[in-house]
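Structural description and commentary
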Amino acid sequence: DEYQNLQGRPQQRTHVIRQRAVTHSVRSGQVLEAVVNPIIAAHPGTTKLPFQGNPFHKTQIAYYDKPQVPQRPAVIVVADTWGLFEWAQRLAEKVDFALLSSARDLDAFVKDCIELHRHGSRPRHPALFRFDSWEALARQYHANSGFQRIERMLGNGYGSEDWLRTSSRLVEHGPQGYALGLVEDVRNREFEAVMLAPQVVDRVWGAERDTLAAAGSALYVAITRAQRHLLVPERLRNWIEEISAA
């Protein structure tokens, strides 16, 4: 499946290797064809064979305007570590949840953010270590909506004790519970219900050709993890209408 390559484009094989494309889904119903095939059409990839859902499997799609914790348990898929931090906090305010990504990595990221914002301490996390001040970090991520919410939280006094309370809501992942993870952590998996955070869709808006491949593949992977229920931002429908008109 060419479109599950999160680097955007698959490695080119030699002509002596016989290649076959995976186009039929076992886990998802045919309703997903309406959102997946426009992604394939816009993707710079070359296969272009249409996605075909399972005609014997019923999947429902719902759209939301404002991001909030869904009423029914679901796996929330986010685009980056800012999204993990943001949605961990959102979930912890209401429910226990599982973390499909590395808990140790997220813990280090959050603690570095707190120390950098509060004391100016140089971070050690691989995504943050090159920033010697919060201002420098903000210049890099000011357009990221997850970062914006985290910055407001830290500005309001969010600290280590708050993160400890959030961490205490982490549980083992069960088939009927809430969970949270990055796109790369849910690939090759399937879930009863999936919710896409807004940033997963936002990345395809206005993406240039060299970044559209990776952004489109991430969106494709996130959507096709859903078995029964898919909850996506209204912006996805708007984007599909825009690219279809173009």
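See the structure printed just above.
A brief look at the structure comes next. Model, not experiment: these values are computed from the prediction. (Residues numbered from 1 in each chain as written. Predicted model: local features only at pLDDT ≥ 70, side-chain atom pairs only at ≥ 80, totals over all residues. Heavy atoms only, no water.)

1. Details of the overall build of the protein
Each helix and strand in the protein was counted, giving 10 helices and 8 strands. Expressed as a percentage of the 246 residues in the protein, the buried residues total 48%. In the protein, once contacts between residues fewer than 6 apart in sequence are set aside, the share between residues at least 24 apart is 77%. Accessible surface, the protein: about 13200 Å² in total, of which carbon and sulfur atoms supply 47%. (Helix = DSSP H or I, 4+ residues; strand = E, 2+ residues; numbered from the N terminus. Buried < 20%, exposed > 50% of the residue type's maximum accessible area, 1.4 Å probe, protein only. Contact = heavy atoms within 4.5 Å. Areas by Shrake-Rupley, 256 points an atom, 1.4 Å probe, with all protein chains shown as cover.)

2. A word on the packing of helix α1 (residues 33-42) against helix α9 (residues 209-223)
At their nearest, the axes of α1 and α9 sit 10 Å apart, and the two run at 165° to each other. When the axes of α1 and α9 are compared, the pair comes out roughly antiparallel. Relative to α9, α1 is oriented so that their crossing is left-handed. For the pair α1 and α9, contact is made by Val35, Val36, Ile39, Ile40 and Ala42 and by Leu212, Gly216, Leu219, Tyr220 and Ile223, respectively. Its residues assigned to classes, the contact of α1 with α9 shows 9 nonpolar, 1 polar and no charged. (Axes fitted to C-alpha atoms, helices over the stretch in contact; angles between N-to-C directions. Parallel < 35°, antiparallel > 145°, perpendicular 65-115°, else oblique. Left-handed = near helix turned anticlockwise from the far one by under 90°. Nonpolar A, V, L, I, M, F, W, Y, C, P; charged D, E, K, R; others polar.)

3. Comments concerning the sheet that holds strand β3 (residues 60-64)
Pairing in this open sheet of 6 strands is parallel, and the strands run β3-β8-β7-β4-β6-β5 from one edge to the other. Both outer strands of the open sheet, β3 and β5 (98-99), are each paired with one neighbouring strand and no more. Pairing analysis gives 3 bridges linking strand β4 (residues 75-78) to strand β7 (residues 191-196), with the strands arranged parallel. Within β7, the residue paired with valine 75 across the bridge is valine 194. (Pairing = 2+ DSSP bridges.)

4. With respect to the nonpolar core
What tends to happen in soluble globular proteins is that the nonpolar side chains get buried as a cluster. Membership of the largest hydrophobic core comes to 38 residues, with the highest contact counts inside it found for Trp82, Phe85, Trp134, Leu137 and Leu180. Within the residue set of this core, elements represented by two or more residues are β4, α2 (81-92), α3 (103-119), α4 (134-141), α5 (145-155) and β6 (179-182). A total of 7 residues in this core trace back to one element, the largest contributor, which is α2. If we ignore the near neighbours within four places in the chain, the residues touching tryptophan 134 are Trp82, Cys113, Leu116, His117, Phe147, Glu151 and Leu154. Grouped together as the second largest cluster of nonpolar side chains are 34 residues, Leu212, Tyr220, Val232 and Ile240 included. (Core = buried A, V, L, I, M, F, W, Y, C linked by side-chain atoms within 4.5 Å.)

5. What to know about α9
The terminal C-alpha atoms of α9, which comprises 15 residues, lie 21 Å apart, in line with the 21 Å expected from a rise of 1.5 Å per residue. Of all 15 residues making up α9, 11 are buried, and the element is well covered by its neighbours. Residues of α9 that are buried include every one of Leu212, Ala213, Ala215, Gly216, Ser217, Ala218, Leu219, Tyr220, Val221, Ala222 and Ile223, and no others. (Expected span 1.5 Å × (residues − 1).)

6. A few points about the packing of aromatic side chains
Under the counting rule described, the total for this entry stands at 8 aromatic pairs. Put simply, the rings of Trp82, Phe109, Phe131, Trp134, Tyr141 and Phe147 pair up and form one aromatic cluster. A cation over an aromatic ring shows up here: arginine 235 above the ring of tryptophan 205, its NZ or CZ 4.7 Å from the ring centre. We note arginine 237 situated over the ring of tyrosine 63; from NZ or CZ to the ring centre the distance is 3.9 Å. (Phe/Tyr/Trp six-rings, centres within 6.5 Å; stacked < 30°, edge-to-face > 60°. Lys NZ or Arg CZ within 6 Å of the ring centre and 35° of its normal.)

7. Focus: the environment of lysine 94
Positionally, lysine 94 belongs in the loop between α2 and β5. Residue class for lysine 94 comes out exposed when judged on its relative accessible area of 58%. Taking C-alpha positions, lysine 94 is 9.4 Å from arginine 169, a pair spaced 75 residues apart along the chain. For lysine 94, the residues in contact, after removing those within four places along its chain, are Val69 and Arg169.

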